[in-house]
Amino acid sequence: MRKWIWKALDEVVNKKVYSNLYLRNHLQEVEEKDRALATRIFYGTIQNYRYCKECWSKYVKNKLKPKMDVLLTMSTYQLLFLDKVPSYAIVNDAVNIAKKINVKYAGLTNAVLHKVKAIETDNVALKYSLPDWIYKMWVSQYGQEKALVMASASVNILPMYVRRNALRTREADFDLEPFVCVQDPLYIYTGNDYFHHDYYQKGYMSAQDEGSFAIAKFVDPKANERILDCCAAPGTKTMAMAERMHNQGHIDSYDLHAHRKDLIESDAKRLGIDIVHAGVQDATTFKSSVLYDRILCDVPCSGYGVLSRKPDIKLHMAPEDMDTLIPLQYSILNNVCQYVKVGGVLVYSTCTMNKKENEKQIEKFLKTHEEFSLVDEKTIFSDTRQDGFYMAKLVRK
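No experiment lies behind these values; they were computed from the predicted model shown. The numbering scheme is per chain: residues are counted from 1 as the chain's sequence reads. Only residues with pLDDT of at least 70 are given local features in this predicted model, and only at 80 or more are side-chain atom pairs given and counted; all residues enter the totals for whole chains, interfaces and linings. No hydrogens and no water enter the side-chain calculation; it runs on all heavy atoms of the structure.

Helix and strand definitions here come from DSSP, where helices need a minimum of 4 consecutive H or I residues and strands a minimum of 2 consecutive E residues; each element is numbered from the N-terminal end. The residue Thr 368 is located in helix H17 (residues 359-368) in this model. Side chain to side chain, Thr 368 and His 369 meet in a polar contact 3.1 Å long. Definition of a polar contact: a pair of N or O atoms within 3.5 Å, with one able to donate and the other able to accept a hydrogen when the atoms are protein atoms, and with sequence-neighbouring residues admitted only if both atoms are side-chain atoms.

Where burial is concerned, most of helix H12 (residues 210-219) is hidden: nine out of the ten residues are buried. With a side-chain oxygen lying 3.1 Å from the backbone nitrogen of Gly 211, the N-terminal cap of H12 falls on Asp 209. Phi for Asp 220, located one or two positions after H12, is positive at around 60 degrees. Each residue is assigned to one of three classes by its accessible area relative to the maximum for its type, calculated with a 1.4 Å probe on protein chains only: buried under 20%, partly exposed between the two thresholds, exposed over 50%.

In short, DSSP must find at least two bridges between two strands for them to pair. Read across the open sheet, the four strands follow the order E2-E3-E1-E4; overall the sheet is antiparallel. On the outer flanks of this sheet lie strand E2 (179-183) and strand E4 (205-207), each paired with one strand and no other. Ignoring strand direction, the axes of neighbouring strands in this sheet form an average angle of 35 degrees. Two strands pair when backbone bridges link them, and strand E1 (residues 160-164) and strand E3 (residues 186-189) are joined in this way by four bridges, in the antiparallel orientation. In the sheet register, Arg 163 faces E3, and the bridge partner there is Leu 186. For helices, the fitted axis covers only the stretch in contact; all axes are lines through C-alpha atoms, and the angles between them, taken along N-to-C directions, range from 0 to 180 degrees.

Another point: the side chain of Asn 165. For Asn 165, the position within the fold is in the loop between E1 and E2. Overall, the relative accessible area of 0% leaves Asn 165 in the buried class.

Moving on to the pattern of salt bridges. Here, a salt bridge means any Lys or Arg side-chain nitrogen found within 4 Å of an Asp or Glu carboxyl oxygen. Scanning the model with the defined rule gives 22 salt bridges in all. The salt bridge partner of Lys 33 is Asp 34, with a shortest N-O separation of 3.3 Å. Between Asp 267 and Arg 270 there is a salt bridge, with the nearest N and O atoms lying 2.9 Å from each other. Here the residue Asp 267 and the residue Arg 270 both occupy positions in helix H14 (residues 258-271), the gap between them amounting to three residues, near one helical turn. On the basis of relative accessible area, Asp 267 is assigned to the buried category, the value being 15%.

Time to look at the sheet that holds strand E6 (residues 250-255). Spatially, the seven strands line up as an open sheet ordered E7-E6-E5-E8-E9-E11-E10, and their pairing is mixed. With one partner strand each, in any of the chains shown, strand E7 (276-280) and strand E10 (372-380) form the two edges of the open sheet. Adjacent strand axes in the sheet meet at a mean angle of 15 degrees when their direction is disregarded. In this sheet, strand E9 (residues 340-350) lies alongside strand E8 (residues 292-298) in parallel orientation, the contact comprising six bridges. When the bridges of E9 are listed, Tyr 292 appears paired with Val 340. Here a residue-residue contact requires only that any non-hydrogen atoms of the pair lie within 4.5 Å. The sheet strands contacting helix H16 (residues 321-336) are E8 and E9, and the helix crosses E9 at an angle near 165 degrees.

As structure tokens, then:
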């Protein structure tokens, strides 16, 4: 099992493969009895990567191969964060894996892992394995108290939420293991390997976090309306809106990439939804001959609100990422707004905690678009229960 985790982490850390996609495609390679623990070590290592590496690196003088970095970091995570796993098993497996990288690393691995211990630090960013710059930005924008909550939330193991497909099921169908009702149609899923569960295969449920579902509700779609979801893939919010519309009306669900358009179509088919019309469109240049009752602009963003669910963002994030994202977000908003009916609704949303991508974008937009007014604005801060999201509702006068 640990060899599988090491290979999986090498793909994510060193080859920048998305952690959630890797797990979806390869978790079945692990014996079923070990999948929960393998997932915990996999995600936990990524979430705590900076801190764990700091704990072992003081005992190593020379630069190691990237694969060794991964091995020592994942082993340190297990030693420091998993109480019920025996240390000798962790060290023994690590030494055997080190031999496969280079036999000379076996002794070093054994020596380092016997010395490793937790370090006390006043550096909040280090403690929660964040770059220093993002914690400073959060303190500056949201204050120290909220910044600390968001930093600590980035290492949380969040429950998995699923949305019941009301088109195909009743509440009673979810009154059983492994579902815990939060507020119908949202449930906590306590099982393993969600994608192979019978309810997923039959289109009875979809994975969706509370905050993501809150955005679909915030749009407030009604049956028989015409709606545009302009940055839609993989289509989670599109499907939530279609279900709330009782599969009556019309949703144009667009994405920039053809392979991601296919994800929208296949999910609509799985769920038995036929009002969704997927297509390939660039939201910055998109043109329409029709106007929409509601438009959802769930724009590409830095993802600082979903670090717990997508911890690999922590590994590769850089402040300059925003330099291209902020103009892109505004360009999308500035283009699609012209296709909202008078009296219609435009919702702008992100899954990030950064006022430059959120409130500042709306302030700038309203200064140049007097035909819109802000009627509601909401920030869901990441915490022990959910990821972080921002949403603003604008109405065309």
